[in-house]
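Chain by chain, the residues run as shown.
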Amino acid sequence: MTGIYTHIPFCIKKCAYCDFNSYSGIRDMSYSYGKAVISEIKNSPYKNKKIDTVYIGGGTPTCIDEKILIDILASVRESFDVAEGAEITVECNPGTANFKKLHALRRAGFNRLSIGCQSADDKLLKKIGRIHTFEDFKNCFRDARRAGFENISVDLMFGLPGQTAEIWRDTLRKITELGPEHISAYSLKIEEGTPFFEMKSRGELSVPDDDANREMYDTVVEFLKDRGYCRYEISNFSKAGFESRHNLIYWTLGEYIGFGAGAHSFVCGRRFSDPLGVSDYIDFISSGGRAEDGAETEPDIDMMCEYMFLGLRLDRGVSEREFKKRFGKDMGEVFKKPIEKHLNVIRTLESSGGNIKIRPEYTYVSNLIMSDFIL
Amino acid sequence: MYSRDNIRNFSIIAHVDHGKSTLADRLLELTGALTQREMQEQILDNMELERERGITIKARAVRLIYKAKDGKEYYLNLIDTPGHVDFNYEVSRSLAACEGAVLVVDAAQGIEAQTLANTYLAFEHDLEIVPVINKIDLPGARPDEVKQEIEDIIGIDGENAPLISAKNGINIEEVLEKIVELIPPPGGDENAPLKALIFDSYYDAYKGVIAYVRVVDGRLRPGQRIKMMATGSEFDVVDVGYLLPNGMLSADEISAGEVAFITASIKSVQDVKVGDTVTTASKGAAEALPGYKEVKSMVYSGIYPADGARYDDLRDALEKLKLNDAALNFEAETSIALGFGFRCGFLGLLHMEIIQERLEREFNLDLVTTAPSVEYKVIKTDGTVLSVDNPTNMPEPSEIDYMEEPIVRAAILTPKEYVGSIMELCQGRRGSYIDMEYLDTNRVQLNYMMPLNEIIYDFFDALKSRTRGYASFDYEFEKYQKSDLVKLDMLLNGEMVDALSFIVHKERAYPRGRKMAEKLKEVIPRQLFEVPIQAAVGGKIIARETVKAMRKDVLAKCYGGDISRKRKLLEKQKEGKKRMRQVGSVEVPQEAFMSVLKLDE
């Protein structure tokens, strides 16, 4: 399985918690940026590779002219062998998409829409710096359905400043009433270099403590389970058959090719990434640069560790058979000590059908387990 | 040759921080010029050799040459003394090598516990005391009052004490004049059989052990076969000579009254015991000099490498330190919780701290040390007597008839307003009051008998904090005394952690167990599961705390681009775990094992 990721580093306004590679106030660069991305795609050394998923993320892809996104997808199709029935996702902010835009994207071949909603509470939305209301989101969701998106994912956040268990349950209720196929629910993490980080260090921001945060996590797992959504990864839930195929590539250490500013690639055993800044990226591409400095890495112990800590994120866990197929070694041998400890002694892992997985009650403390798998 | 009348052998004694080392430096400086000019040719070779080998001579004794106002040249042998109660025996041997002592008293602080303890020791050796009042240029200086204290408390004439500032070199010459004037020259009979007192030793990788001696009677020469009277071991003298500020100066002969070094291809400091008498192997002295004692460890602690792989490095480091420190004892021990390490015996708390610090600083080791213990005597029901310095080795209660613990005589000097608070502290530590004396109108000496195991935890800190640092404290071993002692065990997740056990008086077991459980709860991080912490005496749980299970420790979002960042996060977490000790399935931070030291009762 191979996926293509394309990064759109533009936003109308940065949210207060966001430390992603995105910028506001430079959307006039989007056309030249789009050209650079298309040029990078056309000159990719992995041209003609079979592609199973395409994902355009951001930033906010929908905050720029949709024609750019459509052109990008077209050049991907032109340069690569995009499989029949490939999953093709675009991310969307409710404040930036109308029916017309969504319809154009759907018609161009995007078949999965990932909408950032975060909360159904307008006061919270404002507090975290979102540019839309919950009403905007509902309209966006309906427009997306009308435009023909039959696979919609909604991003939500919990552990927000001032968020109560009740507000969280209310958000879950309102979202599930709309019936998206997929829901991602992330705990707010306060990252360095964000406005929230500054506020927190000044003591002006208080978020629910770990116990309350855990309650919220347990709530979302249970709430969504009751409504037919399976937790297939730590923070991801879907109706049967609607797991994000693109993200599954990451969690199973599959191949992905990244295009655009700061995009990472892991393909044919090589890891590399593009320049982070928008102008840097454009200059780099227009002067004939090619982001591929990483030498081919043989599957080594580091890769096995990554395979484990990524795979353990999944509810299905890691397959001993797949491990052996990929690395030619027995998982039980390579990770003898942590497996013995976590499977048999403190029993935070369980084994079923040749897979080893984290017991659901330990999912939310999984760092304590995964760090033992760093050899 | 010079006349014995021109020799002065002396020490400097003082309370810690009253300026002993600074004064010694000034004396060296003031006499150094002459020494260098006259001795340059002779010592040059010596120095170069040392420079080549990178040796620095441990300057524990040094000969200074001083031209006094009477026009004569005097040879002043300054013998250094360790300034702490842990080294009382070493101090007493150094003093035994002298005829006089310069007593340094801080002009602001006045007389303190160690001032007195050291002065009494000097009195015991009939030394002439030369009082000196230091730091007279400090704003808080009250030299007249301190003079009066010297007269009232010590009972010697303080009126003519030089008023000096060692730091700023004020009136140092006056000290030298007083030394010449007041301290008598050494006695002794050059023609009697050899008797030389060992007051220090030093290990040199090339010459073997260098013994520092004071020749009391007879003569010492290279080629002589000598005998250590306490150990019975014999050696052939290779070299003898004087200790100069910047090296060693060989001599053909050293005779009664002089201070000298001896080398004799001695391989181990164990053969050169401080306080032992050196004599000739044949026609030697009939009786050794008085006062020799076998040095005994008073405080014991387990020392483990934080990284188990550095066990060999730790052993090598301890062996190196032992080359120069006959008072350090160690033997291998194993702890279920801490792995392989050493049980070490020390003279006292300071000695323990010095060794630990040297291991960490000079040998770059990360250590885990267990709570210090004293040596208990266990009288078993079958009549046998067992010495226990490691709580793990304490027999089952059913096998014990009774136990004894070491008791010390503690002297605490304090301004009178803190008396109540100190008495409360001492009583809380099972001290029994002996008496109290007013040293002057403001200061009091409190005398207590106290169990040593109550002092080795945090007594000194507690004393300092209750008296805002004004009290000083000194103790010496008194006796073993029958006591109702129990072994307190700590259990984590139901498993006993051997390295956390300690022996405690029965009545103190409950509060200590409770404090210990509370402390452990503070230092043990939340884990994947709930961790019960229990304190138990003889299998009975007396206190309990719980470390709740970790509720949240997760990378919420993890996609392609940032795998390496997430990996780094997990690696960091793994590094953190490395500093933990795995006790059963519980991860315990290293500092937990030391936390018993800071119970803050």
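Everything numeric here is computed off the predicted structure, so don't read it as measured data.

1. Things to note about the overall build of chain B
When helices and strands are counted, chain B shows 12 helices and 32 strands. On the principal axes, the C-alpha backbone points of chain B span a range of 85 × 65 × 55 Å.

2. Here we look at the overall build of chain A
Regarding its fold elements, chain A presents 15 helices and 16 strands. Relative to the compact-globule value of 21 Å for 375 residues, chain A shows a C-alpha radius of gyration of 21 Å, a close match. Relative to its 375 residues, chain A shows a buried fraction of 46%. Excluding contacts between residues fewer than 6 apart, the proportion of contacts in chain A whose partners are at least 24 apart in sequence is 71%.

3. Some remarks on the domain arrangement of chain A
Residue and element names in this part refer to chain A. The domain boundaries assigned to chain A delineate domain 1 (2-250) and domain 2 (300-371). Put simply, the middle of domain 1 and the middle of domain 2, counted by C-alpha atoms, are 29 Å apart. On the domain 2 side, the residues contacting the 7 residues of domain 1 number 7 residues. For the side of domain 1 that touches domain 2, the secondary structure elements donating two or more residues are helix H8 (210-226) and strand S9 (230-233). With 3 residues, the top contributor of residues to the side of domain 1 that touches domain 2 is S9. Here the residues of the side of domain 1 that touches domain 2 are counted per class, giving 4 nonpolar, no polar and 3 charged.

4. Describing the sheet that holds strand S16 (residues 355-358) of chain A
Residue and element names in this part refer to chain A. Across the sheet, 3 strands lie side by side as S14-S16-S15; this open sheet has antiparallel pairing. Both outer strands of the open sheet, strand S14 (318-319) and strand S15 (349-352), are each paired with one neighbouring strand and no more. In this sheet, S16 lies alongside S14 in antiparallel orientation, the contact comprising 2 bridges. Bridge pairing links serine 319 to asparagine 355 in S16.

5. Considering the pairing of strand S32 (residues 586-589) of chain B
Residue and element names in this part refer to chain B. Burial of S32 is one-sided: the residues Val586 and Val588 facing one way are buried, the residues Glu587 and Pro589 facing the other way are not. Alignment of strand S31 (residues 580-583) against S32, held across 4 bridges, turns out to be antiparallel. Of the residues in S32, the one forming a bridge with valine 583 is valine 586. The hairpin turn running from S31 into S32, its antiparallel successor, is 2 residues long, and glycine 584 in that turn takes a positive phi close to 65°.

6. What to know about the environment of Leu569(B)
With respect to the element layout, Leu569(B) can be found in helix H12 (residues 563-578). Sequence spacing of Leu569(B) and Leu555(B) is 14 residues, and the spatial spacing of their C-alpha atoms is 9.1 Å.

7. Some thoughts on the interface of chain A and chain B
How big an interface is tends to be reported as the loss of accessible area on association of its parts. The interface of chain A with chain B comprises 31 residues on the first partner and 22 residues on the second. Counting residues per element, the ones that place at least two in the side of chain A that touches chain B are strand S8 (182-187), H8, helix H9 (245-251), strand S12 (264-267), helix H11 (301-311) and helix H15 (366-370) of chain A. Looking at the side of chain A that touches chain B residue by residue, the classes come out as 16 nonpolar, 9 polar and 6 charged.

8. With respect to unusual backbone geometry
For the bond from Gly58(A) to Gly59(A), the omega torsion is 15°, close enough to zero to count as cis. By the secondary structure assignment, Gly59(A) is in the loop between strand S4 (50-58) and helix H2 (66-79). You will see that Asn171(B), though not glycine, has its phi angle at about 65°, which is positive. Among the structural elements, Asn171(B) can be located in the loop between helix H4 (143-154) and helix H5 (172-182).

9. Some words on the nonpolar core
In terms of nonpolar packing, the biggest core is built from 167 residues, with Ala101(B), Val102(B), Val213(B) and Ala260(B) touching the most fellow members. Ignoring anything within four residues of it in the chain, the contact list for Val102(B) reads Phe10(B), Ile12(B), Val130(B), Val132(B), Val175(B) and Ile179(B). Counting 109 residues, the second-largest nonpolar core is a separate cluster that includes Val154(A), Tyr229(A), Phe259(A) and Leu368(A).

10. Side note on the sheet that holds strand S1 (residues 7-14) of chain B
Residues and elements named next belong to chain B. Pairing within the open sheet is mixed, and its 5 strands lie in the order S2-S3-S1-S4-S5. Two strands close off the open sheet at either side, each with one partner strand: strand S2 (61-67) and strand S5 (128-134). Going across the sheet, the axis of each strand differs from the next one's by a mean of 30°, ignoring polarity. Sheet analysis places S2 next to strand S3 (residues 73-79), joined by 7 bridges and oriented antiparallel. From the neighbouring strand, arginine 63 faces S3, where its bridge partner is asparagine 77. Helix-sheet contacts for helix H3 (residues 113-124) involve S1, strand S4 (100-106) and S5, and the interaxial angle to S1 is about 150°. Its contacts with the sheet place H4 against S4 and S5, and it is angled at close to 160° to S5.

11. Brief notes about the packing of H2(A) against helix H3 (residues 99-108) of chain A
All names here are of chain A. Where H2 contacts H3, the axes come no closer than 10 Å and their chain directions differ by 10°. The pairing of H2 with H3 is recorded here as roughly parallel in orientation. Of the residues in H3, those touching H2 at Glu66, Leu69, Ile70 and Leu73 are Lys101, Ala104, Leu105 and Ala108. Grouping the amino acids of the contact of H2 with H3 by side-chain chemistry returns 6 nonpolar, no polar and 2 charged.

12. Some thoughts on the confidence of the model for chain B
Residue and element names in this part refer to chain B. Residue-level pLDDT values for chain B average 87, and 93% of them are 70 or greater. Within chain B, the lowest mean pLDDT, 56, falls on helix H1 (residues 20-53), and the highest, 97, falls on strand S20 (residues 376-380). In this model, residues 33-59 is a region of pLDDT below 50 whose contacts with residues beyond four sequence positions or in other chains number 26 contacts. Both confidence scores are given for the complex: pTM 0.73, ipTM 0.93.

13. Describing the packing of helix H1 (residues 30-42) of chain A against helix H10 (residues 278-286) of chain A
Residue and element names in this part refer to chain A. Following both chains from N to C, one finds H1 and H10 inclined at 45°, their axes separated by 9 Å at the closest point. Classified by the angle their axes make, H1 and H10 are oblique. As for how H1 packs across H10, the hand of that crossing is left-handed. Residues Ser32, Tyr33, Ala36, Ser39 and Glu40 of H1 form the contact with H10, whose participating residues are Val278, Tyr281, Ile282, Ile285 and Ser286. When its residues are assigned to classes, the contact of H1 with H10 shows 6 nonpolar, 3 polar and 1 charged.

14. Let's talk about the environment of Asp274(A)
Residue and element names in this part refer to chain A. With respect to the element layout, aspartate 274 can be found in the loop between strand S13 (270-273) and H10. Aspartate 274 gets classed as buried once you count the C-beta atoms within 10 Å, which come to 25. Once the C-alpha coordinates of aspartate 274 and alanine 263 are considered, the two residues, 11 residues apart in sequence, prove to be 5.5 Å apart. With near-sequence residues (within four places) excluded, aspartate 274 lies in contact with Gly258, Gly260, Ala261, Gly262, Ala263, Tyr281 and Ala291.

15. Some points on the pairing of strand S22 (residues 400-415) of chain B
Residues and elements named next belong to chain B. Across 4 bridges, the pairing between S20 and S22 is antiparallel. Pairing of valine 378 across the sheet is with methionine 403, part of S22. Two elements, S22 and strand S25 (residues 472-483), share 11 bridges in a ladder whose sense is antiparallel. Paired with leucine 413 across the two strands is serine 472, which belongs to S25. In this structure, S22 lies alongside strand S24 (residues 443-451), joined through 9 bridges in antiparallel fashion. Directly across from leucine 413, in S24, lies its bridge partner glutamine 445.

Rules used throughout
- Residues numbered from 1 in each chain as written.
- Chains lettered and ligands numbered in written order.
- Predicted model: local features only at pLDDT ≥ 70, side-chain atom pairs only at ≥ 80, totals over all residues.
- Helix = DSSP H or I, 4+ residues; strand = E, 2+ residues; numbered from the N terminus.
- Rg over C-alpha atoms; globule rule 2.2 N^0.38 Å.
- Buried ≥ 20, exposed ≤ 12 C-beta atoms within 10 Å, placed from the backbone.
- Contact = placed C-beta atoms within 7 Å.
- Domains from an automatic or database assignment.
- Nonpolar A, V, L, I, M, F, W, Y, C, P; charged D, E, K, R; others polar.
- Pairing = 2+ DSSP bridges.
- Core = buried A, V, L, I, M, F, W, Y, C linked by C-beta atoms within 7 Å.
- Axes fitted to C-alpha atoms, helices over the stretch in contact; angles between N-to-C directions.
- Parallel < 35°, antiparallel > 145°, perpendicular 65-115°, else oblique.
- pLDDT = per-residue confidence, 0-100.
- Left-handed = near helix turned anticlockwise from the far one by under 90°.

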